[in-house]
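Summary of structural features
Residues per chain, in single letters:
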Amino acid sequence: MPGQGDRPGAMARRDLCLDQAVVLIEDAIQYRSINHRMDARSLWLHRRYYSSTSQWILSFTIFLILALAFVETPSSLTRTSDVRYRPDPWEAPCGLTEGIEALCLLVFVADVSVKSYLIGWAQFRRNPWLLAYLVVLVVSLLDWVVSLSLVCQEPLRVRRLLRPFFLMQNSSMMKKTLKCIRRSLPEMASVGLLLAVHLCLFTVFGMLLFTGEKDAGQDRERLTYFFNLPEALTTLLVLLTTANNPDVMIPVYSRNRAYAIFFIAYTLIGSLFLMNLMTAIIYNQFRGYLMMSLQTSLLRRRLGTRAAYKVLSSVTAEGEAHPERLGVKPEDFLKVLQKVQLDSDHKQAITEKLHSRSGGLLSADEFQKLFDEFDKRVIKEHPPRPQYQSPFLRNTQFVFGHHYFDYLGNLMALGNLVTICVFLVLDAHVLPKDRDDFVLGILNCIFILYYLLEMLLKVFSLGLRGYLSYPSNVFDGLLTIVLLVLEISTLAVYGFPHRGWKPAMLGLLSLWDMTRLVNVLIVFRFLRIIPSMKVCVQVRRVTALLLSQLMSLVASTILDLIKNMRAFGGILVVIYYVFAIIGISLFRGVVVAPRNSSLASDNGSAPCGSFEQLEYWPNNFDDFAAALVTLWDVMIVNNWQVFLDAFRRYAGPWSEVYFVLWWLVSSVIWVNLFLALILENFLHKWDRRSHLQPLTEEREDTSEMTEELPFRDVLEEPTEEELVEKLSRHPHLQLCR
């Protein structure tokens, strides 16, 4: 036993070990690496850095520096991007955005400094993301100094292209997704090579076929689509996306139906075979590497909890004769748990699980099982319903608190939506100023009164706290109150609906605008049916219709995709941002407004289907917001040949390289990755072992599996030997004994 003089040192070592366990458990919760410094000062800094406040500041800083593109020169602060009507935008004075950017860069400097200190210089040198982080910051600061020295008149800001890196380096899932893409590139390149060969061969065939001088159809085809090699390549590349089908075929097909064989064969091989083969390869590679990445995340969680166990068991073993027989004291674990940054519901669930076991020290297996609660989403118990003495009130409470009352509300919402659609169809050819909104106004009043009555009855049945404990009720209640306020305002300003109800505009909004706003909110309120679709299987028996089960599966898949879309949405933001900045540098100002603002003569002389005839003037790269919309229109590949033709004429033939690269990155790679995520998520849920629970059993559990780590139940648990080997190579972990 330690002497009295050693007691302060022993207490200090004990407190350090408890703090180490706290940090290790927090690392496990967030799937973070545990390879960082473990001394008292570093642990304090580590907890402050990963606190919710610090991470919120970092996330807001990333958002702020990315949003600067909307107000920097060229500014997007105009009502329209149409070159015919766009006024001169407000331009921020030199130094304003640069000052905000300097503050953001200082935050990032502090971020990389703290990270490099916490992991140590040896780990920092082996981390490519942190090294790249440092390089990006240095280049950005140098470019910022150049901007100020040139009084914000520099032709190119390199640092704008580097800003998306700050978003990528802050997300581990985005890094994993990028790694998946990088490792899938060889397989995608093989299919891309086949596509290139396919495109070149049919281009040569097309130029040989459509060079006839006697046949007017062939000559028209040649002059329009196969005039030269670049024109023919562009035509068939666009045909690969079917955007110009059947326009490209019509000139020769109208003369000889045999020419259709050429275009059908090209589309079958290219669009239906090779492009779908690309999708299959991306899905296969993505699924494999995503599982590997998620397996790494699971390993990090298990390493964190196992390291916490080793640290706490060393506290127990200090001074004991047989430390190998010891484990973790429950009281030490509870002290650590109280310090961990974790929501109270999970803390309570872990505490209850700990108290439910028999006494004694916690073994490694028992310690690990306690943290299985991390993989569950705790379902909060709703407050108890009010207790009424009157039998009539109790019966009323039972009726209006039953889930069938929710079905009635959904049916009423559907009826309201149907009435709006009917009147939209009936009044489609009537000008807004000539419409008589008498009947629709009466019906809206009735439905809104029902929504108010429904809300009050639910409050009566569930109690105010019980009503607010359901997110769907909060959603309904807020929209009901807004609808009621709008309806009262409409009646106060324009009076009660009557025949010929077409008063002049009073106040800020006309009667038509008020009616439209009410109808929009009513349609938005209809979204309340989605949670009902998700839980409809849970409230039915095994004999429920298969259609209901399928609807529930689809609804839950959509909701889970939204939860797990941060990494894929972040990748999309990155590629949009980079291509938008490049597009502004290349094509800013190339789309010029026509001389005549009415465009009557210009439209009359422009070829049918051209950029000018279709009035695509708002699609340009004159500011960041316009560039994003233009890139979106091209990604959809509907009429994207119009953009290729227009920018080839305005900026030169090299512009096609930019748009083809954008099509490859966005429509081919990212869209197929998104499709792979949807397929994997849906197929995973379709497996009866993962999504079809016994519906007849009593549901006494207060938790359900969370989707924080997708496909958790198909991942393999790391072995004991693997965990021990990883912990033995930890550069900073020193046990207390």
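An unreviewed UniProt entry annotates the chain as Two pore channel protein 2 isoform X3 originating from Odocoileus virginianus. Under the UniProt heading Subcellular location (unreviewed entry), the entry covering the chain gives this text: "Membrane".

Observations regarding the packing of helix H13 (residues 330–339) against helix H14 (residues 344–356)
With their axes 11 Å apart at the nearest point, H13 and H14 run at an angle of 175° to one another. Relative to H14, the element H13 is oriented roughly antiparallel. Touching Pro330, Phe333, Leu334, Leu337 and Gln338 of H13 are Lys347, Ile350, Thr351, Leu354 and His355, all from H14. Considering only residue class, the contact of H13 with H14 consists of six nonpolar, three polar and one charged.

Details of the packing of aromatic side chains
Under the defined criterion, the tally for this structure stands at 44 aromatic pairs. Ring plane angle 75° and centroid distance 6.5 Å describe the contact between Phe611 and Phe643, whose orientation is recorded as edge-to-face. Of this pair, Phe611 sits in the loop between helix H25 (600–605) and helix H26 (624–635) while Phe643 is found in helix H27 (residues 640–651), placing the two residues 32 residues apart along the sequence. Here the aromatic rings of Tyr658 and Phe659 are separated by 5.2 Å at their centres, their planes lie at 85°, and the arrangement is edge-to-face. Relative accessible area serves as the criterion here: at 1%, Phe659 is assigned to the buried category. We note Arg649 situated over the ring of Tyr650; from NZ or CZ to the ring centre the distance is 5.6 Å.

Looking at the environment of Leu478
Position of Leu478 relative to the elements: it lies in helix H20 (residues 471–494). Residue Leu478 is classed as exposed on the basis of its relative accessible area, which comes to 54%.

Here's the deal with a nonpolar patch on the surface
A grouping of Leu193, Val197, Leu201, Val204, Phe205, Leu208 and Leu209 is seen on the molecular surface, where their side chains present a nonpolar patch of about 660 Å² in accessible area. Judged by relative accessible area, which is 62%, Leu208 ranks as exposed.

Focus on the state of the cysteines
In protein structure, a disulfide is the covalent linkage between the sulfur atoms of two cysteines. Here the structure, examined in full by the defined rule, presents one disulfide. Each disulfide pairs two cysteine sulfurs, and for Cys94 the partner residue is Cys152, the sulfurs being separated by 2.0 Å. Taking the sign of the S-S torsion, about 70° here, the bridge from Cys94 to Cys152 comes out right-handed. With Cys94 in the loop between helix H3 (52–67) and helix H4 (96–125) and Cys152 in the loop between helix H5 (128–149) and helix H6 (158–162), the pair connects residues that are 58 residues apart, well separated along the chain. For Cys94, a relative accessible area of 43% translates into the label partly exposed.

Points about the nonpolar core
Residues Phe108, Phe166 and Trp640 are the most contacted members of the largest nonpolar core, which totals 98 residues. Ranked by the residues each element gives to this core, the list is headed by helix H24 (residues 566–587), at 13 residues. With sequence-adjacent residues up to four places away left out, Trp640 is seen in contact with Leu237, Val238, Thr241, Ala243, Val634, Phe659 and Trp663. Ile29, Ala308, Leu312 and Phe333 belong to the second-largest nonpolar core, a separate cluster that totals 34 residues.

Thoughts on the side chain of Thr279
Counting through the fold element by element, Thr279 comes out in helix H12 (residues 260–317). Exposure remark for Thr279: the relative accessible area of 16% places this residue in the buried category. When sequence neighbours within four positions are dropped, the list of residues in contact with Thr279 reads Asn672 and Leu675.

Parameters and conventions
Residues numbered from 1 in each chain as written. Predicted model: local features only at pLDDT ≥ 70, side-chain atom pairs only at ≥ 80, totals over all residues. Heavy atoms only, no water. UniProt positions renumbered as here; feature names shortened; annotations may be inferred. Axes fitted to C-alpha atoms, helices over the stretch in contact; angles between N-to-C directions. Helix = DSSP H or I, 4+ residues; strand = E, 2+ residues; numbered from the N terminus. Parallel < 35°, antiparallel > 145°, perpendicular 65-115°, else oblique. Contact = heavy atoms within 4.5 Å. Nonpolar A, V, L, I, M, F, W, Y, C, P; charged D, E, K, R; others polar. Phe/Tyr/Trp six-rings, centres within 6.5 Å; stacked < 30°, edge-to-face > 60°. Buried < 20%, exposed > 50% of the residue type's maximum accessible area, 1.4 Å probe, protein only. Lys NZ or Arg CZ within 6 Å of the ring centre and 35° of its normal. Patch = residues over 30% accessible without salt bridge, like charges linked within 9 Å, V, L, I, M, F, W, Y side chains within 5 Å. Areas by Shrake-Rupley, 256 points an atom, 1.4 Å probe, with all protein chains shown as cover. Salt bridge = Lys/Arg side-chain N within 4 Å of Asp/Glu carboxyl O. Disulfide = S-S within 2.5 Å. Core = buried A, V, L, I, M, F, W, Y, C linked by side-chain atoms within 4.5 Å.

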